[in-house]
Amino acid sequence: MCRDLDFDCVYQQSASSANTIVSKDYIGRLESRLLAVENLLAAQVSISQQRNSSTPVADELIENDRGESVTSVSRAKRKREDSPSPAPGSSVSGEMFVNVSGGHLEDDTPAPDTVLDGMGALNLGDEDDYGYFGPSSNIAFIGHVTRALATSVSVTGAFQKDLRKAEASEIQSRPLSPRPGHDGTAEFDVRPDSVNIYAIPAEHKVRHYISQYFQSANILYPYLHQPTFIETYETALKDGFTKVRRTWLALLNLVMAMGSRASTETDVSTEEKYKTAELFYQRGYALCNGYLLRLASLDSVNLLLLMSHYLQSTRKPVQCWTTHGVAIRIAIQLGLHSTQALQRYPPLERELRKRAWYGCVLLDRTLCMTFGRPSAIAAYADSLELPLDVEDDALKANMMTPTVNPTQPPACTSVTFFILSITLYTLLGRIIDTLYGGNLGGTDQSGPTFTDVARIAEIEEKLALWRQNLPQALQIISAADIPEGGGPPSQFWRQSIILSLRYHNTRALLHRQFAVKGLSEIWGAGPSTNRFEGDFFWNFGLASIKACSDSAIETVEIIHKVKYRLDLLGFWWFTLYYTFNASLVLVSRVLIVSQVRQLAHRRDAVLETGNLLTHLEMAMETLDVLATGNRIANRCRLFLKNLMRYVAPL
């Protein structure tokens, strides 16, 4: 129009763009770009929170750990080539960057297939990988035995090599159970990155595992109140698990893990029990992973106690020790150790808190004994009153006072065994503190002193008094008291067998220091500075060594007689520990008797050696049963088999 009229038309630019018309295609492209940015940000957040669950976009961002977008990498690279670059791992401002490879930090823990089990029974690797093992541990005792054996039969350096060679050939000829998670069955896939932590088995399976737990584990460690636990499960089931607490859900998984791992069922293979238990453990652990340092409830203490028990059955000794340490700290934080703090709670909660505290005490003393480490709660472990000796059904949530009738004669309950174990392990703690220096390892004591002799005699008397006051249903038994086949299944009969094994193990530990002294005489540690090794040692010392081996013989005989009756034994990893520990005591006795025979020309020692070797064969037969599908037990079996090869000719 301007051209037609021959005008110079000038159009003034508007200051406002409010009326600018934008095409839909342009808006769509903007939305797509914005969505792409949001996806990248979401992927970056996901990488930060959960390194294991990466997406293709996240994988690209991981490769470019400076957070640069993938499309800008080449341009940024050319720019850096044209300008001075800072030193690797640092920036211009002096900041340092962690070099993340593959989206995660390198793990500095031992490999999962460790040679040390959660009970500290046997270690064939580098001890520095697993920490300190003091004088009460099996690992320290094995050192004394192997040094004495090497001196006796001149096999210095050959024993460990032969053991490893024998183990390698044995594993090839006797394959063990496959590694968990590699059988193609989704139900038993226990890889942590493939576990659905919110999955719960069908109701009938859950009830089965809960029943197995209360039949096999809770009668030994009654941390949980069965009526309350089942009521909580039924409430959660009714609500479709929409209002369940995270800690309780983790506890449910650990109950099922222990119900499977400690199951006495004979129609389920060992490897299937392991796979099922490991799946539940992984779920329970993942539910509270990241929350462990923020947990502060009675359920969290029980959860950590069950995790510690479970880890004793694995090759994860570091996790076992650390997990129990966290349990103790939370228990102290909650005041479970304090009589005054308990008064604020109703009777039911008060009893459960006492059980949880003494669960920490029992496990602390067990781990101190097996790992040879100082107690975390020795100073105030026994300051709390003992739990009431009443059945769970007698403890009601709304009761004012516990229903205990003092006029009736005392009868055994499901808690009696737990209380007797507490009093026995009080003596165990005293043995570790007084005869093993609290496992501090601060002195290099070459053998027992005259003071130790008095302490041994005093604790032996207390053990005899403890045994004398046992109720009729839970008496210490011998193998001769067990009928052929083990006898009918009974809760108190099973508890009596387990209590007998705990008693003999404690008594063997009491007298083991003289066995160590005898072994040191063989491998040349030399006499102590106070000349203790004279006539007095070869009198009282040999009597103490005999008491130690007598308890070891009783242990071997009892377990051998019921080795096929899982329903009459405790957790299999304790059965393994007792058998293997007793075997080491018998080997030490063979070495000492052989030395005495050579020095004193005692012909009766030949008959004694034959009896000891017979019981070592019985221990081997027990380990053969335990080693079926069990990698930990198989290592102990191979070690003892090789050990006997050198001991038998003596």
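In this text the structure is predicted, and so the values were computed from the model without any measurement.

**Quick word on the overall build of the protein**
Line of reasoning, step 1. Broken down by element type, the protein carries 21 helices and zero strands.
Line of reasoning, step 2. Going through the 650 residues of the protein one by one, you find that 48% of them count as buried.
Line of reasoning, step 3. Just so you have it, the protein exposes about 32500 Å², and 53% of that area is on carbon and sulfur atoms.

**Structural notes on helix H15 (residues 416-435)**
Line of reasoning, step 1. A rise of 1.5 Å per residue sets the reference length of H15, with its 20 residues, at 28 Å; its end C-alpha atoms lie 29 Å apart and thus fit the reference within 8%.
Line of reasoning, step 2. Among the 20 residues that make up H15, 15 are buried, leaving the element largely enclosed by the rest of the structure.
Line of reasoning, step 3. Just beyond H15, the residue with positive phi is Gly 437, at close to 60°.

**Looking at the packing of aromatic side chains**
Line of reasoning, step 1. A complete count under the given rule lists 19 aromatic pairs for this structure.
Line of reasoning, step 2. Centroid distance Trp 572 to Trp 573: 5.4 Å. Interplanar angle 90°. Geometry classified as edge-to-face. The residues Trp 572 and Trp 573 share a single accessibility class, namely buried.
Line of reasoning, step 3. With centroids separated by 6.1 Å and ring planes inclined at 65°, the aromatic side chains of Tyr 577 and Tyr 578 adopt a geometry described as edge-to-face. Neither Tyr 577 nor Tyr 578 differs from the other in exposure class; each is buried.

**Side note on the packing of helix H7 (residues 203-216) against helix H8 (residues 226-238)**
Line of reasoning, step 1. Interhelical geometry of H7 versus H8 gives an angle of 170° and a closest axis separation of 12 Å. In terms of axis orientation, H7 runs roughly antiparallel to H8. Packed against H7, whose contacting residues are Glu 203, Val 206, Arg 207, Ile 210 and Phe 214, the element H8 presents Gln 226, Phe 229, Ile 230, Tyr 233, Glu 234 and Leu 237 at the interface.

**Comments concerning unusual backbone geometry**
Line of reasoning, step 1. Phi is positive for Phe 241, which is not a glycine, with a value near 55°.
Line of reasoning, step 2. Looking at the element boundaries, Phe 241 is found in the loop between H8 and helix H9 (246-261).

**As for the confidence of the model for the protein**
Line of reasoning, step 1. Looking at the protein, pLDDT values average 78 and 67% of them are 70 or higher.
Line of reasoning, step 2. No element of the protein has a lower mean pLDDT than helix H3 (residues 56-63), at 34, and none a higher one than H15, at 96.
Line of reasoning, step 3. For residues 14-19, every residue scores under 50 in pLDDT, and the model assigns this stretch zero contacts once sequence neighbours within four places are set aside.

**Comments concerning the pattern of salt bridges**
Line of reasoning, step 1. According to the stated counting rule, one finds 15 salt bridges in the structure shown.
Line of reasoning, step 2. Of the charged contacts, one joins Arg 245 and Asp 299 as a salt bridge, the two residues approaching to 3.0 Å between their closest N and O atoms. Note that Arg 245 is positioned in the loop between H8 and H9 and Asp 299 in helix H11 (residues 298-312), a separation of 54 residues in sequence.
Line of reasoning, step 3. Residue Arg 245 is classed as partly exposed on the basis of its relative accessible area of 45%.

**Things to note about the nonpolar core**
Line of reasoning, step 1. Counting 163 residues, the largest nonpolar core has Phe 229, Leu 252, Val 301, Phe 571 and Leu 640 as the members making the most contacts within it.
Line of reasoning, step 2. The biggest single contributor to this core is helix H19 (residues 572-600), with 16 residues.
Line of reasoning, step 3. For Val 301, the contacting residues outside a window of four places in its chain are Ala 327, Ile 330, Ala 331, Leu 334, Leu 336, Ala 356 and Cys 360.

**Regarding the environment of Arg 430**
Line of reasoning, step 1. Structurally, Arg 430 can be placed in helix H15.
Line of reasoning, step 2. Sequence spacing of Arg 430 and Leu 510 is 80 residues, and the spatial spacing of their C-alpha atoms is 9.7 Å.
Line of reasoning, step 3. A distance of 2.7 Å separates a polar atom in the side chain of Arg 430 from a polar atom in the side chain of Glu 458.

Criteria and thresholds
Residues numbered from 1 in each chain as written. Predicted model: local features only at pLDDT ≥ 70, side-chain atom pairs only at ≥ 80, totals over all residues. Heavy atoms only, no water. Helix = DSSP H or I, 4+ residues; strand = E, 2+ residues; numbered from the N terminus. Buried < 20%, exposed > 50% of the residue type's maximum accessible area, 1.4 Å probe, protein only. Areas by Shrake-Rupley, 256 points an atom, 1.4 Å probe, with all protein chains shown as cover. Expected span 1.5 Å × (residues − 1). Phe/Tyr/Trp six-rings, centres within 6.5 Å; stacked < 30°, edge-to-face > 60°. Axes fitted to C-alpha atoms, helices over the stretch in contact; angles between N-to-C directions. Parallel < 35°, antiparallel > 145°, perpendicular 65-115°, else oblique. Contact = heavy atoms within 4.5 Å. pLDDT = per-residue confidence, 0-100. Salt bridge = Lys/Arg side-chain N within 4 Å of Asp/Glu carboxyl O. Core = buried A, V, L, I, M, F, W, Y, C linked by side-chain atoms within 4.5 Å. Polar contact = N/O pair within 3.5 Å; in protein donor to acceptor, adjacent residues only side chain to side chain.

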